[in-house]
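# Architecture at a glance
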Amino acid sequence: MEGLRKKLITVAILASIFLVMQLGVYVLTINEFRVDLRTLEDIDSFMENVLELRRYETNFSYEITQKDIDEIMQYTSVLRTGIQDIHKSPVAPQYEEGLQEFTNNLIAYDKLVLKARETGGAEPEAIRVYGHKMRMFSRKVRDINRAYIAERLKSIMYIPSTIMFLFGGSLIVALGTLTVATIKQINFIKQTTRKIAQGDFRHIDSSSAGYDTYPMIIRAFNRMIGELDSRQEQLIQSKKLAAIGTLTSGIAHEVNNPLNNISLTAEAILEEYDDLSKEEGIEMLDDIVSEVSRASNVVNNLLDFSRIHGQMILEPIDIGNVVKATLRLIRNQIMLSGVQLKTNLARERLCINGDSDSIKQVFVNLCLNAIQAMPDGGLLTISIHTDDEKMIIVKVTDTGTGMPPEVVDKIFDPFFTTKPVGKGTGLGLSVVYGIVNKHEGYIEVNSAAGQGTTFTVAFPRRPMKNDSESCS
Ligand code: ADP
């Protein structure tokens with residue numbers, strides 16, 4: 001998750017930088033706005049001064065005092081400096097011309113007031129005209145600035161929502177990207193675990209797999225794969241050793257028993273040779289012959305067992321035909337056991353690359369075991385079908401005794417048997433297992449005590465290059 005953490009930190013840093021920058025812009029804008037507001041205040045007081053100035057105008061028609069004139073002069077001087085404030089406004093260019101005219105009017109107004117003070121002869125009409133012009137201009141200035149401030153306010157109010165929108169948008173994009181990356185990683189973990197579960201212990205190559213964004217997971221997986229691989233190897237080794245142990249003690253037991261019996265019977269014949277009746281002699285010799293045949297059976301099975309580890313000649317064969325030939329071989333046993341047979345064979349030819357005799361042996365062993373598991377009769381079903389066109393699957397099902405899990409675990413071990421001495425050698429299923437393996441197939445068992453058993457054998461289907469190709 002190293003890559004993911006890096007990405008999260010990068011996104012957090014970028015988002016913070018973005019937020020700080022936007023806040024900086026916002027603070028600057030607010031500061032500028034404060035300056036503009038102060039200019040508007042100055043313009044408002046400029047207009048108020050014009051109004052104050054005009055309050056004295058009516059006095060010119062009647063009686064103007066020295067005090068009035070002094071105050072008028074004070075206002076006109078304030079207005080002269082106020083012109084600078086009006087100049088400062090960012091919208092000043094809109095009333096630049098009027099400003100010059102206002103200055104001229106103010107000078108003319110001043111002159112008329114001075115004349116009134118010096119000569120006492122006022123010109124109230126002219127003073128009013130100038131005053132009116134100045135008032136109109138100051139109102140215009142105030143209105144233009146107010147409109148400007150209102151516009152500014154509107155745009156400032158949009159800034160926070162724009163920041164939130166941009167921030168939220170980029171956050172969604174970042175989160176989306178992170179989610180996609182996370183899903184990719186989860187999929188990668190899923191695929192890898194499936195691969196490991198299927199027994200593929202090859203190390204993951206980060207560069208060729210294109211997963212270089214999360215090297216930590218790959219390292220962890222490779223470590224785990226290494227561990228699993230070595231443990232599996234240890235397990236196989238210890239299983240092999242256990243199997244060799246069972247095999248040797250099995251051989252010793254299976255061959256020693258008949259040899260012992262032969263030796264005991266032969267000694268008895270020697271000791272009691274003169275006293276034995278003809279019938280007794282024949283019976284004892286019969287025992288010897290049957291014990292020899294038991295021992296030779298074990299040896300034959302062992303030969304079968306070793307043969308599957310040697311070379312087999314694989315040729316195109318139709319699995320349906322092999323099953324039919326097997327059933328012909330064991331027809332008698334089926335009839336004698338009172339077991340019913342049901343087959344469900346595919347109509348089409350289902351070809352595999354196989355050794356016909358070995359595969360017959362697979363089905364003979366499975367069917368004989370099934371028959372033996374149904375001492376009171378039952379149903380033996382054999383079916384063939386294809387699975388996703390790649391494998392051909394044969395199922396051998398019986399309604400017999402079934403097996404508890406601890407027996408199922410051992411049935412493919414050589415010499416494992418639950419049958420009484422003389423009835424089973426415990427080699428049948430290990431031979432079956434070896435043959436199926438040699439054909440690159442697999443065998444599975446599904447069984448429970450008292451519930452019957454199903455053996456599923458699968459062989460890879462032989463790809464047919466053209467229609468003229470056939471299998472027998
Ligand atoms: P064997 O038949 O000589 O005992 P196998 O290797 O063929 O040797 O079988 C091993 C054991 O598996 C049998 O002893 C039996 O306990 C069990 N087994 C095999 N097939 C079946 C079956 N169809 N139903 C119940 N048990 C079975």
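Relevant structure appears above.
As the structure is a computational prediction, the values presented were derived from the model and not from experiment. (Residues numbered from 1 in each chain as written. Predicted model: local features only at pLDDT ≥ 70, side-chain atom pairs only at ≥ 80, totals over all residues. Heavy atoms only, no water.)

## So, the overall build of the protein chain
Each helix and strand counted, the protein chain has twelve helices and seven strands in total. If one aligns the C-alpha atoms of the protein chain with their principal axes, the spans along those axes are about 185 × 50 × 40 Å. Within the protein chain, the proportion of its 472 residues that are buried is 35%. The contacts of the protein chain with a sequence gap of at least 6 include a subset with a gap of at least 24, amounting to 74%. The averaged location of the 59 negative side-chain charges in the protein chain is 9 Å from the averaged location of its 51 positive side-chain charges. (Helix = DSSP H or I, 4+ residues; strand = E, 2+ residues; numbered from the N terminus. Buried < 20%, exposed > 50% of the residue type's maximum accessible area, 1.4 Å probe, protein only. Contact = heavy atoms within 4.5 Å. Lys, Arg positive; Asp, Glu negative; His and termini not counted. Charge placed at Lys NZ, Arg CZ, Asp CG, Glu CD.)

## With respect to the packing of aromatic side chains
In this description, a pair of aromatic rings is defined by centroid distance and the angle of the planes. Taken as a whole and judged by the stated rule, the model has six aromatic pairs. Taken together, a centroid distance of 5.2 Å and an interplanar angle of 50 degrees make the contact between Phe46 and Phe102 tilted. Of this pair, Phe46 sits in helix 1 (residues 2–54) while Phe102 is found in helix 3 (residues 96–119), placing the two residues 56 residues apart along the sequence. We classify Phe46 as buried; its relative accessible area is 3%. According to the relative accessible area criterion, Phe102 is buried, its value standing at 1%. Put simply, the rings of Phe46, Tyr95, Phe102 and Phe137 pair up and form one aromatic cluster. The ring of Tyr56 carries the charged tip of Arg55 above its face, separated from the ring centre by 5.5 Å. (Phe/Tyr/Trp six-rings, centres within 6.5 Å; stacked < 30°, edge-to-face > 60°. Lys NZ or Arg CZ within 6 Å of the ring centre and 35° of its normal.)

## A closer look at the pairing of strand 4 (residues 379–387)
In the case of a regular strand, side chains alternate between the two sheet surfaces. Where strand 2 (residues 340–344) and strand 4 come together, five bridges link them in parallel fashion. Of the residues in strand 4, the one forming a bridge with Lys342 is Thr381. Note: strand 4 against strand 5 (residues 391–398), eight bridges, orientation antiparallel. Paired with Thr386 across the two strands is Ile392, which belongs to strand 5. (Pairing = 2+ DSSP bridges.)

## Details of unusual backbone geometry
Despite not being glycine, Phe415 shows a phi value in the positive range, around 75 degrees. By the element assignment, Phe415 lies in the loop between helix 11 (405–408) and helix 12 (428–438).

## Description of the site of the ligand
Around the ligand sit 20 residues, and of these Asn369, Thr417, Thr418, Lys419 and Leu429 come closest. A distance of 2.6 Å separates an oxygen atom of the ligand from a polar side-chain atom of Thr417. Measuring from an oxygen atom of the ligand, one finds a side-chain N or O atom of Thr418 at 2.4 Å. Taking 530 Å² as the accessible area of the ligand by itself, protein coverage stands at 94%. Elements with a minimum of two residues in the shell around the ligand: helix 10 (356–372), helix 12 and strand 7 (453–460). Classifying every residue of the shell around the ligand gives eight nonpolar, ten polar and two charged. (Near = heavy atom within 4 Å. Polar contact = N/O pair within 3.5 Å; in protein donor to acceptor, adjacent residues only side chain to side chain. Areas by Shrake-Rupley, 256 points an atom, 1.4 Å probe, with all protein chains shown as cover. Nonpolar A, V, L, I, M, F, W, Y, C, P; charged D, E, K, R; others polar.)

Without other data, these values stay purely geometric and don't point to any function.
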